[in-house]
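One-letter residues, chain by chain:
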Amino acid sequence: MPDIKHLTTLCYIEKDDAYLMMHRVSKKNDINHDKWIGVGGHFKEGESPEECLLREVMEETGLTLASWHFRGIVTFRSDDYPSEYMHLYTAQIAKADGENLPDCPEGILEWVPKEKVYELPIWEGDKIFFRLLGEDAPFFSLKLSYRGDKLVEAVLDGQVNLL
């Protein structure tokens, strides 16, 4: 069983054909420094994935999610960092919500049109799960292995190597 510090959630909140994304520029020694990612974070002891999701979204955005979809599990392997087991979610919010986002200690929050996401500095593996989300793929398991910042393996549902 993985140590709880290696369990995380990540959520891409959707509104008006855009994702709420965070430009990770605030923290030092951040594996995601200068990358654009969704919102989420590490589990606390005893939390379910949904409890972690709701807490992290509230802490980082001030938003309370009324509904969400558990889209998949993403296993990250790296030669530089311990493995991480990320629970991936999407959620939609009403048009009136998310207009005035708070300052976030993790980075800068911004609504990014979905068609612009691939132009941002994101992890190579994130492009794969963005494609799966865009295709409305059923629940998936995606294993992404990195050597430094280079994606060297991407296995979907334990069977298909996507590279």
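Right above here is the structure, for reference.
Each chain has its residues counted from 1, following the order in which its sequence is written. Local features in this predicted model are restricted to residues of pLDDT 70 or higher, and side-chain atom pairs are both shown and tallied only at a pLDDT of 80 or more, whereas totals for entire chains, interfaces and linings draw on every residue. Side-chain calculation: all heavy atoms of the structure are included, whereas hydrogens and water are not.

*Asks:* Whenever I open this one, the overall build of the chain confuses me. Can you help?
*Replies:* Check the secondary structure of the chain and you find two helices and 10 strands. To get the radius of gyration, use the C-alpha atoms; to get the globule rule, take the number of residues to the power 0.38 and multiply by 2.2 Å. Since a compact globule built from 163 residues should have a radius of gyration of about 15 Å, the 15 Å found for the chain is in line with a globular shape. Structurally, the chain occupies a C-alpha span of about 40 × 35 × 30 Å along its principal axes. The cut-offs for exposure are 20% and 50% of the maximum accessible area for each residue type, with area from a 1.4 Å probe on protein chains only; residues under the lower value are buried, those over the upper are exposed, and the others partly exposed. The 163 residues of the chain split such that 47% are buried. We call two residues in contact whenever any of their non-hydrogen atoms come within 4.5 Å of each other. Taking all contacts inside the chain whose residues are at least 6 apart in sequence as the whole, residues at least 24 apart take part in 62%. Each helix is a run of DSSP H or I of at least 4 residues and each strand a run of E of at least 2, with the numbering of both proceeding from the N terminus.

*Asks:* Help me understand the side chain of Thr-8, please; the structure alone is not making it clear to me.
*Replies:* Tracing the chain through its elements places Thr-8 in strand 1 (residues 7-15). Polar contact is defined as a pair of N or O atoms within 3.5 Å, subject to the rule that within protein one atom must be able to donate a hydrogen and the other to accept it, and that residues adjacent in sequence are counted only when both atoms are side-chain atoms. In this structure the side chain of Thr-8 is engaged in a polar contact, spanning 2.7 Å, whose partner is the side chain of Glu-84.

*Asks:* Can you walk me through the nonpolar core in this structure?
*Replies:* In this structure, Tyr-12 and Phe-129 are the most contacted members of the largest nonpolar core, which totals 27 residues. Listing elements by their share of this core, those giving two or more residues are strand 1, strand 2 (18-23), strand 3 (36-37), strand 5 (69-78), strand 6 (84-92), helix 2 (124-134), strand 8 (140-147) and strand 9 (150-156). The greatest single-element share of this core, amounting to five residues, is contributed by helix 2. Sequence-distant contacts of Phe-129, defined by excluding residues within four places in its chain, comprise Leu-10, Tyr-12, Val-74, Phe-76, Met-86, Leu-88, Phe-140 and Leu-142. The definition of a nonpolar core used throughout is a set of buried Ala, Val, Leu, Ile, Met, Phe, Trp, Tyr and Cys residues joined through side-chain atoms within 4.5 Å. Counting residues in hydrophobic clusters, the runner-up holds 14 residues, among them Cys-11, Ile-13, Leu-65 and Cys-104.

*Asks:* Help me understand unusual backbone geometry, please; the structure alone is not making it clear to me.
*Replies:* At Asp-17, a position not held by glycine, the phi torsion is positive, near 60°. Considering the arrangement of structural elements, one finds Asp-17 in the loop between strand 1 and strand 2. Even without being glycine, Asp-157 reaches a positive phi, approximately 55°. By the element assignment, Asp-157 lies in the loop between strand 9 and strand 10 (160-161).

*Asks:* Just to check I follow, could you spell out the pairing of strand 1 for this structure?
*Replies:* Every other side chain in a regular strand lies on the same face of the sheet, so the side chains alternate between the two faces. Strand 1 sits mainly inside the fold: nine of its nine residues count as buried. Residue alternation in strand 1 divides its side chains into two sets, Leu-7, Thr-9, Cys-11, Ile-13 and Lys-15 and Thr-8, Leu-10, Tyr-12 and Glu-14, and both sets are buried. Note on pairing: two strands pair once DSSP finds at least 2 bridges between them. Both strand 1 and strand 6 contribute to a ladder of eight bridges, which runs parallel. Within strand 6, the residue paired with Thr-8 across the bridge is Met-86. Two elements, strand 1 and strand 4 (residues 39-42), share four bridges in a ladder whose sense is antiparallel. Note on strand 4: the bridge partner recorded for Thr-8 is His-42. Examined bridge by bridge, strand 1 and strand 2 share three bridges and lie antiparallel to one another. Residue pairing across strands places Glu-14 opposite Tyr-19, the latter belonging to strand 2.

*Asks:* Help me understand the pattern of salt bridges, please; the structure alone is not making it clear to me.
*Replies:* Side chains that differ in sign of charge can pair as their charged atoms come close. For this analysis, a salt bridge means a side-chain nitrogen from Lys or Arg found within 4 Å of a carboxyl oxygen belonging to Asp or Glu. Throughout the structure, instances matching the rule amount to eight salt bridges. Linking Asp-17 and Lys-114 is a salt bridge whose minimum nitrogen-to-oxygen distance equals 3.9 Å. Of this pair, Asp-17 sits in the loop between strand 1 and strand 2 while Lys-114 sits in the loop between strand 7 (108-113) and helix 2, and the two are 97 residues apart along the sequence. Residue Lys-114 is classed as partly exposed on the basis of its relative accessible area of 25%. Overlapping salt bridges bring together Glu-47, Arg-55, Glu-56 and Glu-59 as one network.

*Asks:* Honestly, the environment of Ile-31 in this entry has me stumped. Any pointers?
*Replies:* Mapping Ile-31 onto the fold places it in the loop between strand 2 and strand 3. Along the backbone, Ile-31 and Asp-149 are 118 residues apart, and their C-alpha atoms lie at a distance of 9.7 Å. In contact with Ile-31, other than residues within four places in its own chain, are Tyr-81 and Trp-123.

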